[in-house]
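Summary of structural features
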Amino acid sequence: MKEHLQALLEQALERLKIQGEIPSAITVPVRVERARDSAHGDFATNLALAMAKPAGHPPRKLAEKIVQALPPDPVVRKVEIAGPGFINFFIDPLAQFEIVSRILAEGERFGRSRSGGGRKVHIEFVSANPTGPLHVGHGRGAAYGASVANLLEAVGCTVHREYYVNDAGRQMDILTVSIWVRYLQNCGEALPFPANGYRGEYVLAIAEALQREHGEAFRLPAAEVLRGLPPDAPEGDKEAYIDALIERARNLLGGDRYEKVFQTGLDAILGDIREDLEAFGVRYDLWFSERGLVRAGRVREALDRLGDGGWLYQREGATWFASSRLGDEKDRVVVRENGQATYFASDIAYHLDKLERGFDLLIDVWGADHHGYVPRLKTAMRALGAEPERLEVRLVQFAVLYRGKERVPMSTRAGEFVTLRQLREEVGKDAARFFYVMRKAEQHMDFDLELAVSQSNDNPVYYVQYAHARVCSVFRQLGEKGWRHDVDRGLKCLHKLTENHEQALLGCLARYPETVERAAAMREPHQLTHYLRELAGLFHTYYNAHTFLVEEDALRDARLNLIEAVRQTIANGLSLLDVTAPESM
RNA sequence: GCGCCCGUAGCUCAGCUGGAUAGAGCGCAGGCCUCCGGAGCCUGAGGUCACAGGUUCGAAUCCUGUCGGGCGCGCCA
């Protein structure tokens, strides 16, 4: 409808230009919006206001000219000029009914479009280090990324979902020795747990599994392990201690056994992460290994490429990327003095790899604490010859957990965080997924566990799902009363839907496709949650105000068509959020 | 100190890229089941859009500054 009115306005402008009423040179984007107030009709445009200055006419006068030049159209019942020069369109009510037939005809496809232009989009999200289970902080990125991916697919993009597995860095070595120390302790060796190690219970569980499967194959005397190590915190430096311990583990265990402990830890944790995400409704097309990237020589390649472009230089024994020449605040090290590539270097290689795989757009979803990282990665894109717009970084702010009024402490260090699994078990997948995307991503969020789990009216998830279940319930009642739903008869009698509640619902339903389009274009799934809440609210109001299962066949079928359209739309919207639409609750 | 995000009703938040009288939910005060599911509905009170300037027909929205909150500024990942 918007497009239709925009086309009419374009025609009017053409006509005015030909008539010489307005200069033909000026171009103003024609934008039609839904009127907020029904007194202002159904749609409105500020075209005359926007054009007044370049056209050299006062806005109201210009509006009159535009209205006169507007070609007649059966759908447009009335056009008014209001306020400073808005042009308001009143749509023929009969045209509003069309949405119901459309929804029933399109079913699950209703709301899908091609507005994304078939772009190939790569979206990387979560990508938490496989050094421990996912916690609630990762949940928001997961819910957001998955919903954005679904939205992009709904508007016709080809979407590739990917998890970047950081299995190559020092953190993984720290995990490895953490497991090993726990294992040695379990074997009866008396040695202290490193201050900088991973303390979570999952480490113990992995150590136990290691012992079950391999007995004492990795056991060494504590004295040998500890001999000559520098002091650990608090007296000593915990970083130096753990590095020495890693070195010691490598030497004593040898490459193969060290690798075995490493791999056991990685597999266990990654397996957990996959399981968690799966249960959270999140699926990936690819789990991309950083180690694989390094082993394939891709990091070297990427650095060579930067070097060929003249972007690298040596200083103080390290290799630097001259990112400040492209606007970063300072240059960045890519190869350390000790010859090891930095995390940044493999990240550059990873993004180069993505670019070479032929995606039109790369979307990275990161925690907001990584925001300082955005400019340098953008400069790397440019140095590699890619337009920086091909990389879009979406930052997701932290969620602070509450139980009622009380803030839930979160400390990864001490291992006393709430895992995503605990959250899911406590509030359920549906509530968690919905809650996480209810707020704008860049908005700090308070996540109240008590609220999410409460089966009450304060809980928007149930409110929306309940609307869906209620429609299903009406259809069950229909059968019990011995009636049958005649869809065609209902479609012919849609004009009987004249109540205010029905008109409001029709208007809301008509807005669904554009809501999906906007949410996708802006990467804002929260727009969809707000829409669904509104639609459900209008339905509940309607439900209370009118009986659907009336004696009059034609009216009953018309109403059933309307509420079936509501049900379908809610189901479609929820599915984009990976939230279920239950038939009963 | 510098950079990024944020500041809208008692609380949690929307506000459709600058439009018309700033909206929801919760909470609070009242009301609605002989009726398709009360996990629902209706009515009401509640605002200096942090503050001060600026841009223009028009600002919660854009620009500058101030104040307040969060996060980040490693040869960590």
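The structure under discussion appears in the preceding block.
Just so you know, these numbers come straight off a predicted model, no measurement behind them. (Residues numbered from 1 in each chain as written. Chains lettered and ligands numbered in written order. Predicted model: local features only at pLDDT ≥ 70, side-chain atom pairs only at ≥ 80, totals over all residues. Heavy atoms only, no water.)

**Quick word on the overall build of chain A**
The following threshold applies: Each helix is a run of H or I in the DSSP string that is no shorter than four residues. Each strand is a run of E no shorter than two, and both are numbered from the N terminus. With a 1.4 Å probe rolled over the protein chains alone, any residue whose accessible area is under 20% of its type maximum counts as buried; one over 50% counts as exposed, and the rest are partly exposed. Charge counting follows a simple rule: Lys and Arg are positive, Asp and Glu are negative, and His as well as the terminal groups are ignored. Lysine's charge is taken at NZ, arginine's at CZ, aspartate's at CG and glutamate's at CD.
Looking only at helices and strands, chain A has 22 helices and 15 strands in total. Referenced to the eigenvectors of the C-alpha coordinate spread, the extents of chain A come out at roughly 90 × 65 × 40 Å. Counting all 585 residues of chain A, 51% fall into the buried class. Charged side chains of chain A number 74 positive and 83 negative; the gap between the two group centres comes to 3 Å.

**Looking at the protein's contact with RNA strand B**
What counts, and what does not: We define proximity as follows: a residue is near a molecule or strand when any one of its heavy atoms falls within 4 Å of that partner. Two N or O atoms form a polar contact when they lie within 3.5 Å of each other; inside protein one atom must be a possible hydrogen donor and the other a possible acceptor, and for residues adjacent in sequence the pair counts only when both atoms belong to side chains. Note on residue classes: Ala, Val, Leu, Ile, Met, Phe, Trp, Tyr, Cys and Pro are nonpolar, Asp, Glu, Lys and Arg are charged, and everything else, Gly too, is polar.
The immediate surroundings of RNA strand B are formed by 66 residues, with His371, Tyr466, Arg470, Tyr543 and His546 found nearest. Between Asn88 and RNA strand B, the recorded distance is 2.8 Å, taken from a side-chain N or O atom to a base nitrogen. Between RNA strand B and the protein, one listed contact pairs a base nitrogen with a backbone N or O atom of Glu316 at 2.9 Å. Elements represented by at least two residues in the surface near RNA strand B include exactly α2 (47-55), β4 (86-91), α6 (170-187), β9 (318-321), β15 (445-448), α17 (460-480) and α21 (526-545). When residues in the surface near RNA strand B are grouped by element, the largest group, 8 residues, is from α17. In terms of residue class, the surface near RNA strand B is made up of 22 nonpolar, 24 polar and 20 charged.

**What to know about the sheet that holds strand β14 (residues 406-407)**
Keep this limit in mind: Paired strands are those between which DSSP finds at least two bridges.
In spatial order, the strands read β14-β13-β15; together these 3 strands make up an open sheet with mixed pairing. Strands at the two margins of the open sheet, each flanked by one partner only, are β14 and β15. Pairing between strand β13 (residues 399-403) and β15: 4 bridges, direction parallel. Note that in β15 the partner of Tyr402 across the bridge is Asp448.

**What to know about the packing of aromatic side chains**
Keep this limit in mind: Pairing of aromatic rings covers Phe, Tyr and Trp, the last through its six-membered ring, and needs centres within 6.5 Å; plane angles under 30 degrees mean stacked, over 60 mean edge-to-face, and all others mean tilted. By definition here, charges over rings are those cases where NZ of Lys or CZ of Arg is within 6 Å of the ring centre and within 35 degrees of the ring normal.
Summed over the entire model, instances satisfying the criterion amount to 20 aromatic pairs. Ring geometry for Tyr284 versus Trp287: centroids 5.2 Å apart, planes at 65°, classification edge-to-face. Residues Tyr284 and Trp287 agree in their burial class; the two are buried. Ring geometry for Phe321 against Phe344: centres 6.2 Å apart, planes inclined by 40°, an arrangement best described as tilted. Taken together, the positions of Phe321 in strand β9 and Phe344 in helix α12 (residues 343-356) put the pair 23 residues apart, joining distant regions of the chain. Of the two residues, Phe321 and Phe344, both sit in the buried class. Aromatic rings pair up to connect Phe321, Tyr343, Phe344, Trp366 and Tyr373 into one cluster. Seen from the ring of Phe193, Arg182 lies directly overhead, with NZ or CZ sitting 3.8 Å from the centre. Above the plane of the ring of Trp483 lies Arg556, whose end atom (NZ or CZ) is 4.1 Å from the centre.

**Examining the layout of surface pockets**
The following threshold applies: Of the grid points, spaced at 1 Å and generated over the protein atoms alone, those admitting a 1.4 Å probe that cannot get out make up cavities, while open sets with protein on both sides within 12 Å along at least five of seven lines make up pockets; any residue with an atom within 4 Å of a point is treated as lining. Grid points are joined across faces, edges and corners, and a volume is the space filled by probe spheres set on the points. The start and end points of each domain follow an automatic or database-based domain assignment.
Taken as a whole, the second largest pocket holds about 1,300 Å³ of empty space. Considering each element in turn, the lining of the second largest pocket owes the most residues, 5 residues, to α21. Taken together, the residues of the lining of the second largest pocket sort by class into 13 nonpolar, 13 polar and 13 charged. Each of domain 1 (2-91) and domain 3 (460-576) gives at least three residues to the lining of the second largest pocket.

**Things to note about the sheet that holds β9**
Spelled out, the test is: With axes taken as lines fitted to C-alpha atoms, and helix axes fitted only over the stretch in contact, angles between N-to-C directions fall between 0 and 180 degrees.
What the 3 strands build is an open sheet, ordered β8-β9-β10; its pairing is antiparallel. Since the sheet does not close on itself, it has two edges, and those belong to β8 (312-315) and β10 (332-335), each with one partner. Here the average twist between neighbouring strands, direction ignored, is 45°. Relative to β10, β9 runs antiparallel, the two sharing 3 bridges. Note that in β10 the partner of Trp320 across the bridge is Val333.

**A look at the pairing of β8**
Summarising the sheet, β8 and β9 pair through 4 bridges and their orientation is antiparallel. Residue pairing in the sheet places Tyr313 in a bridge with Trp320 of β9. Here β8 folds back onto β9, and the loop between the two strands holds 2 residues, one of which, Glu316, carries a positive phi near 50°.

**Observations regarding the side chain of Thr176**
Going by this rule: By the convention used here, residues are in contact when the closest approach between their heavy atoms is within 4.5 Å.
Mapped onto the fold, Thr176 is located in helix α6. Residue class for Thr176 comes out buried when judged on its relative accessible area of 3%. Only 2.7 Å separates the side chain of Thr176 from the backbone oxygen of Met172, close enough to count as a polar contact. In contact with Thr176, other than residues within four places in its own chain, are Tyr258, Val261 and Phe262.

**Re α2**
Selection rule: Arc, as used here, means the arc of the directions from the helix axis to the C-beta atoms.
Residues of α2 that are buried: Leu47, Ala48, Met51, Ala52 and Ala55. When α2 is viewed along its axis, its buried side chains cluster within an angular range of 135° and face the same direction. In this fold, the buried residues of α2 make contact with α1 (2-19), β2 (43-45) and α3 (59-69).

**Overview of the nonpolar core**
Rule in force here: Nonpolar cores were defined as sets of buried Ala, Val, Leu, Ile, Met, Phe, Trp, Tyr and Cys residues, with membership established by side-chain atoms within 4.5 Å.
Formed by 129 residues in total, the largest nonpolar core has its most connected members in Val126, Tyr163, Trp180, Leu277, Leu423, Tyr436 and Phe447. Every residue in contact with Tyr436, bar those within four places of it in the chain, is listed here: Val136, Gly139, Arg140, Ala143, Phe280, Ala399, Leu420, Leu423, Met445 and Phe447. Of all hydrophobic cores here, the second largest spans 32 residues; its members include Leu293, Val335, Ala349 and Val393.

**Brief notes about the packing of α1 against α3**
Packed helix pairs are characterised by how far apart their axes lie and by the angle those axes make with each other. Our working definition: Working rule for angles: under 35 degrees goes down as roughly parallel, over 145 as roughly antiparallel, 65 to 115 as roughly perpendicular, anything else as oblique.
At their nearest, the axes of α1 and α3 sit 8 Å apart, and the two run at 105° to each other. The orientation of α1 with respect to α3, classified from their angle, is roughly perpendicular. In this structure, α1 contributes Leu9, Ala12, Leu13, Arg15 and Leu16 to the contact, and α3 contributes Lys65, Ile66 and Ala69. Each residue belonging to the contact of α1 with α3 can be placed in one class, and the counts come to 6 nonpolar, no polar and 2 charged.

**Re the pairing of strand β5 (residues 120-124)**
The side chains of a regular strand alternate between the sheet's two faces. Note the threshold: Here is how to tell: hold the view so the strands point away, follow the path from the first strand over the helix to the second, and if it runs clockwise the crossover is right-handed.
Summarising burial for β5: 4 of the 5 residues are buried, a large majority. Bridging between β5 and strand β6 (residues 158-165) involves 5 bridges; their strand directions are parallel. Counted as the bridge partner of Lys120 is Thr158 from β6. Note on the crossover from β5 through helix α5 (residues 136-154) to β6: the handedness is right-handed. For β5 and strand β11 (residues 361-367), the ladder comprises 4 bridges, and the chain directions are parallel. Residue pairing across strands places His122 opposite Leu362, the latter belonging to β11.

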